[in-house]
Amino acid sequence: MRGLVRVGRGVLWVLLLVLLLALGAVVWLKETSTPQVSGTLTLPGLAGPVSVTRDAWGVPHIRAQASDEDAMFALGFVHAQDRAWQMDFQRRVAQGRLAEVLGEAALPQDRFLRTWGFYRAAQSALPALSEQARRMVRAYTAGVNAGFSQGKLAPEFRILGYTPEPWTDVDSIAWSKLMAYDLGGNADDEILGTQVVKRLGEAKLNEVLPPYPPQAPTILSREELGLQAQAPHHRSEAATLPAATLRALQAQLAAARALGLERLPGKGSNDWVIAGSRTASGKPILADDPHLALSSPMLWYLADVQGPRLRAIGATIPGLPGIVIGRNDRVAWGVTNVNPDVQDLYIEPDGAKLTARTEVIKVKGQPDVHLTVRESEHGPIISDVGAGAVGPRVALKWTALQPGDTTLEAFLGLNYARNWPDFVAALKRYVAPSQNFVYADVDGNIGYYAPGRVPIRRGWDGSLPVPGDGQHEWTGFIPFAQLPHTFNPADGLVVTANNKVVPEGYPFNLGNIRNWAEPYRAERITALLTQKPRELTVDDVKRVQLDTVSLVWRDLKPFLLATRPDGDLSRQALEQLRGWNGDERIDVVPPTIFEAWLAELQQMAQDELGDGTRLSSLAVLNQLRENGELCRDERNETTGPQDCAGELQVSLKRAVDRLAARLGPNPAGWTYGKVHTVASNHRAFGGVKALGWLFNHSTPTNGGTNTVNVARPDPDTLRQTQGPSYRQIIDLSDLNRSIYVGTLGQSGNPFGDHVSDQQQLWAAGEYLPMSTDAQDWGRTTTLTLTPQR
């Protein structure tokens, strides 16, 4: 017995020692990785002192006395303090240097990134900036490097065993190129369209990629545009590509998806601006919530940046100088994606002149990989794999890869805008990705502009690949003054939700008939805002921004509820759906069944196309309305469904069987919050079991496919991976009563104080004060940066 006691005591001492070592490691990691946020630091590169006051949520309020460049230096410094890993990872993505630190598994991504040439495009953009913009970029870069030099390494650097290289001015532009990919272009639709035409014929193109409904809302009306004549419509000729070439192109898209860069059905953003004639205060209210991939750390970083002239607060992106979305002391702005057609795929003829370069990709623990990248006059050959071509050579032409991109300068100009003419002047420098900018100012004006380089095509619409024979060339870009815009519209309201921008009659082709998001969000936002035509308040706007009623359910409901159940489980599921009002809340059962069923229905074209194609909810609706041929199971003509009634029955059974295996046999217990949780996962370690628990963040979330508070479930897991990455509501009657919130927190460090303290607020529909008044900041800490003499 004494021996057992001694053994037991020994085990306890060992456990205690292990616990103390673990605690010591955590303390050491925290001390060596979390930044200094109080006291004084003396740094080279400043002209005068700068105070950085972090509020109760870790948001920095920067006050520079000597120059605006000092304010931008401080922004770079705090970005480096709180998000060094995010910045370096994003830089490596732009450069195509992931395999250098992550190993061979990242090679497909590096090949894609080097082939498209994102970093080369950033290098070509820097010389186009004005000297004033270059000064701001240089100041930001110096601030980042001052932050890197503090020796506080983020845990990811220690895990992977390297330190970040010095930041450069090109690095301060580079991530904008990846944002342009994520938000602009239709190369993926061209690839899918080519596949549809090849396998099903051109007649089926509209079934897989349905056109925008003719009666659905457009952002601007004919009256606002002053349209009179009907513009002619052109179609692209049907293109054919061998299966091997299609596979090579799809491999490029798969590499992008692995980086979280993809267009998805139901992915999009909302913004709107309300004139004072509709509000209780008599001044405008502006709202914005960009929908992007959700990650850890969150993409955005909230900041308040002030210098002698600069007075901007809102959402920044670590790695980029300036406020991207937000307000200054006179003007507010928000953005959603326009998604015009700014990409074209060219099938180059045999005699096309090509240039070639060799990219050397370093791979951790492996020999270097040499990648030959070829280019035509149109752009990079993206159908190549390694040094060899697969079938026809397909080149990409894209506005974001062309030299002379001054988009960063446009955003810097918005930070300084005092009125509508200043705002418009800044947007003249905007190139890509084209965005729906909504505008409001303290004088009571509202407006809208859709800037960016949009190609003019004569006789073709760019929806499918075309021969590179000189007959399908861009003839210029839509003149800035003729891009869609309005100032103080008569109805006092502009709503954008990635829906079609202009009605028929606009003299230029912004995009083909399939370019636009489904109209559900735009329709719902407009309906809610016009229910109360006067006296709207910030609280009213909150309710709209957080709305989770599904218009997709409204449209699909009669077809779904008419389904003949196959078994008792299907019958119980249908009973759960009867009487549901379509509100996708985490505490009820119907949205679980609906979203799981919709995910099954969206696969109905996979037997025809033989891949992972998922239809949009609008395409599913069209099939059910018309008893379309995509409902037929081409692979199982004897046992599979042969009409839409059969597809509904079979897909419901698949959905409920999957839910029962996961949640148990009683549908009454299938509440939505059990499956619909946000997955804000780390880009490098999110899928590593030993590390994911430390870096990933999750919580149940309301919303679903195409709700205003968009929260499209992943079709396999029903988790939310895309959504409102940032929310803001700006009250132009009292700017410091404005509100905003991110999805996680200011810090990217799992040992930091503000790594996820915004997540529960975001999920619950709550906000932080978007205020430059210290009385609204709560408990604060102040770090003073002083110049090195």
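Structure: see above.
Right, let's walk through the structure included here. All figures in this text were calculated on a predicted structure; none of them were measured in a lab. Numbers given for residues are sequential positions, taken from 1 along each chain in its written order. Given that this is a predicted model, residues contribute local features only at a pLDDT of at least 70 and side-chain atom pairs are listed and counted only at 80 or more, while totals for whole chains, interfaces and linings are drawn from all residues. Only hydrogens and water are set aside; all other atoms, that is, all heavy atoms of the structure, feed into the side-chain values.

### A short note on the overall build of the protein chain
Here comes step 1: Every helix listed is a DSSP run of H or I at least four residues long, and every strand listed is a run of E at least two residues long, numbered separately from the N terminus. In terms of helices and strands, the protein chain carries 24 helices and 27 strands.
Here comes step 2: A compact globule built from 789 residues would reach a C-alpha radius of gyration of about 28 Å, and the protein chain, at 27 Å, matches this within 12%.
Here comes step 3: With respect to the three principal axes, the spread of C-alpha positions in the protein chain is 85 × 75 × 65 Å.
Here comes step 4: The cut-offs for exposure are 20% and 50% of the maximum accessible area for each residue type, with area from a 1.4 Å probe on protein chains only; residues under the lower value are buried, those over the upper are exposed, and the others partly exposed. Across the 789 residues of the protein chain, 61% fall into the buried class.
Here comes step 5: Across the protein chain, every contact between residues at least 6 apart in sequence was considered, and the portion connecting residues at least 24 apart equals 74%. For this measure, only C-alpha atoms enter the radius of gyration; the expected value for a globule follows 2.2 Å times N^0.38, where N is the number of residues. Residues count as neighbours in contact if any of their non-hydrogen atoms are within 4.5 Å of one another.

### Quick look at the environment of W333
Here comes step 1: Along the chain, the position of W333 falls in strand β11 (residues 331-337).
Here comes step 2: Between the C-alpha atoms of W333 and L414, which are 81 residues apart in sequence, the distance is 8.3 Å.
Here comes step 3: Think of a polar contact as two N or O atoms within 3.5 Å of one another; within protein, one of them needs to be a possible hydrogen donor and the other a possible acceptor, and neighboring residues in sequence only count if both atoms come from side chains. Looking at W333, its side chain comes within polar contact range of the main-chain oxygen of V324, at 2.8 Å.

### Let's talk about the side chain of E518
Here comes step 1: Looking at where E518 falls in the secondary structure, it is placed in the loop between β20 (493-496) and α15 (520-531).
Here comes step 2: Charge counting follows a simple rule: Lys and Arg are positive, Asp and Glu are negative, and His as well as the terminal groups are ignored. Salt bridge, as used here: a side-chain nitrogen of Lys or Arg that lies within 4 Å of a carboxyl oxygen of Asp or Glu. This buried residue, E518, is left without a salt bridge; R521 holds the nearest opposite charge, at 7.6 Å.
Here comes step 3: Engagement of the side chain of E518 in a polar contact is seen with the side chain of N706, the distance being 3.1 Å.

### Topic: the nonpolar core
Here comes step 1: Among the nonpolar cores identified, the biggest contains 185 residues, and W398, F423 and L785 are the most heavily contacted of them.
Here comes step 2: Here this core takes 14 residues from helix α2 (residues 68-95), the largest share from any one element.
Here comes step 3: Once residues within four sequence positions are removed from consideration, L785 is found in contact with L41, L43, L46, G48, P49, V50, V52, A74 and F77.
Here comes step 4: If you look at the next biggest cluster of nonpolar residues, it comprises 48 residues, including V208, L615, V620 and V675. In plain words, nonpolar cores are sets of buried Ala, Val, Leu, Ile, Met, Phe, Trp, Tyr and Cys residues tied together by side-chain atoms within 4.5 Å.

### Things to note about the sheet that holds strand β12 (residues 343-348)
Strand pairing in a sheet takes place through backbone hydrogen bonds and is either antiparallel or parallel in direction.
Here comes step 1: Pairing is mixed in the open sheet, where 3 strands are placed in the order β15-β12-β18. A single partner strand is all that each edge strand has here, and the edge strands are β15 (393-398) and β18 (466-467). Strand pairing is assigned whenever DSSP identifies at least 2 bridges connecting the two strands.

### Regarding the sheet that holds strand β25 (residues 739-742)
Here comes step 1: Strands sit in the order β20-β4-β5-β24-β25-β26 across an open sheet of 6 strands; the sheet is antiparallel. Lying at the two open borders of the sheet, with one neighbouring strand each, are β20 and β26 (768-769).
Here comes step 2: In this description, a line fitted to the C-alpha atoms serves as the axis of each element, helices being fitted only across the stretch in contact, and the angle between N-to-C directions of two axes falls anywhere from 0 to 180 degrees. Contacts from α15 reach β4 (270-274) and β20 within the one sheet, and its direction differs from that of β20 by about 150°.
Here comes step 3: Those strands touched by helix α16 (residues 538-545) are β4, β5 (285-289), β24 (726-731) and β25, and its axis lies near 155° from that of β24.

### Things to note about the pairing of β24
Here comes step 1: Within β24, 6 of the 6 residues are buried, which leaves the element mostly enclosed by the surrounding structure.
Here comes step 2: Relative to β24, β5 is paired through 4 bridges, and the arrangement is antiparallel. When the sheet's bridge partners are listed, D288 is paired in β24 with Q728.
Here comes step 3: Here β24 pairs with β25 via 4 bridges, running antiparallel. When the bridges of β25 are listed, Q728 appears paired with Y740.

### Remarks on the pattern of salt bridges
Here comes step 1: Counted according to the given criterion, the structure contains 40 salt bridges.
Here comes step 2: The closest approach of N and O atoms between R658 and E600, which form a salt bridge, is 2.9 Å. Here the residue R658 occupies a position in helix α22 (residues 644-663), and E600 occupies one in helix α19 (residues 590-601), the gap between them amounting to 58 residues.
Here comes step 3: Classification of R658 by relative accessible area gives partly exposed; the value is 37%.
Here comes step 4: Among the charged side chains, a salt-bridge network with shared partners connects D88, R91, R92, R97, E100, E165 and D171.

### Thoughts on the packing of aromatic side chains
Here comes step 1: Two rings from Phe, Tyr or Trp (for Trp, the six-membered ring) form a pair when their centres are within 6.5 Å of each other. A pair whose planes differ by under 30 degrees is stacked, one over 60 is edge-to-face, and the rest are tilted. Tallied over the entire structure, the rule returns 33 aromatic pairs.
Here comes step 2: Taken together, a centroid distance of 5.7 Å and an interplanar angle of 25° make the contact between W420 and F423 stacked. With W420 and F423 both in helix α14 (residues 420-427), this residue pair falls 3 residues apart, about one helical turn. Assigned by exposure class, W420 and F423 land together as buried.
Here comes step 3: Plain terms: the ring middles of W553 and W580 are 5.0 Å apart, the flat faces sit at 50° to each other, and that makes the pair tilted.

### Description of the packing of helix α4 (residues 107-116) against helix α12 (residues 243-258)
Geometry of a packed helix pair, given as the angle between the helix axes and the separation of the axes.
Here comes step 1: For the pair α4 and α12, interaxial distance at closest approach is 9 Å and the crossing angle is 110°. On the basis of their axis angle, the class for α4 and α12 is roughly perpendicular. Judged by the twist between their axes, the crossing of α4 over α12 is left-handed. Each of P108, Q109, F112 and W116 in α4 lies in contact with α12, whose residues at this interface are Q252, A255, A256 and A258.
Here comes step 2: Polar here means any residue outside two lists: the nonpolar Ala, Val, Leu, Ile, Met, Phe, Trp, Tyr, Cys and Pro, and the charged Asp, Glu, Lys and Arg; Gly therefore counts as polar. Taken together, the residues that form the contact of α4 with α12 break down as 6 nonpolar, 2 polar and no charged. Roughly parallel here means an angle under 35 degrees, roughly antiparallel means over 145, roughly perpendicular means 65 to 115, and every remaining angle is called oblique. What makes a crossing left-handed is the near helix being turned counterclockwise from the far one by less than a right angle; a clockwise turn instead makes it right-handed.

### Re the side chain of D344
Here comes step 1: Secondary-structure assignment places D344 in strand β12.
Here comes step 2: Taking the relative accessible area as the measure of exposure, D344 reaches 1% and is therefore buried.
Here comes step 3: Only 2.8 Å separates the side chain of D344 from the side chain of R457, close enough to count as a polar contact.
Here comes step 4: Beyond its immediate chain neighbours, meaning those up to four positions away, D344 contacts E190, A395, L396, K397, R457, W460, G462 and W474.

### Focus: unusual backbone geometry
Here comes step 1: The step from S296 to P297 runs through a cis peptide bond, and the omega angle for that step is -5°.
Here comes step 2: Structurally, the position occupied by P297 is in the loop between β7 (295-296) and β8 (301-306).
Here comes step 3: Put simply, A432 and P433 share a cis peptide bond, and its omega is 0°.
Here comes step 4: With respect to the element layout, P433 can be found in the loop between α14 and β16 (435-441).
Here comes step 5: Positive phi outside glycine occurs at N498, with the angle close to 65°.
Here comes step 6: Relative to the assigned elements, N498 resides in the loop between β20 and α15.
Here comes step 7: By relative accessible area, N498 is classed as buried at 7%.
Here comes step 8: Even without a glycine there, the phi angle at L718 is positive, about 65°.
Here comes step 9: With respect to the helices and strands, L718 occurs in the loop between β22 (697-700) and β23 (722-724).

### Structural notes on the pairing of β8
Here comes step 1: When you tally the buried positions in β8, you get 6 out of 6 residues, the bulk of the element.
Here comes step 2: Residues Y301, A303 and V305 point to one face of β8 and L302, D304 and Q306 to the other, with burial holding for every one of them.
Here comes step 3: Pairing between strand β3 (residues 60-64) and β8: 3 bridges, direction parallel. Bridging across to β8, H61 finds its partner in D304.

### With respect to the packing of helix α18 (residues 568-577) against α22
Here comes step 1: Contact geometry of α18 with α22 gives a least axis separation of 9 Å together with a crossing angle of 95°. It follows from the interaxial angle that α18 and α22 lie roughly perpendicular. Contacts between α18 and α22 involve L569, S570, A573 and L574 from the first element and L652, K653, V656, D657 and A660 from the second.
Here comes step 2: Residue composition of the contact of α18 with α22, by class: 6 nonpolar, 1 polar and 2 charged.

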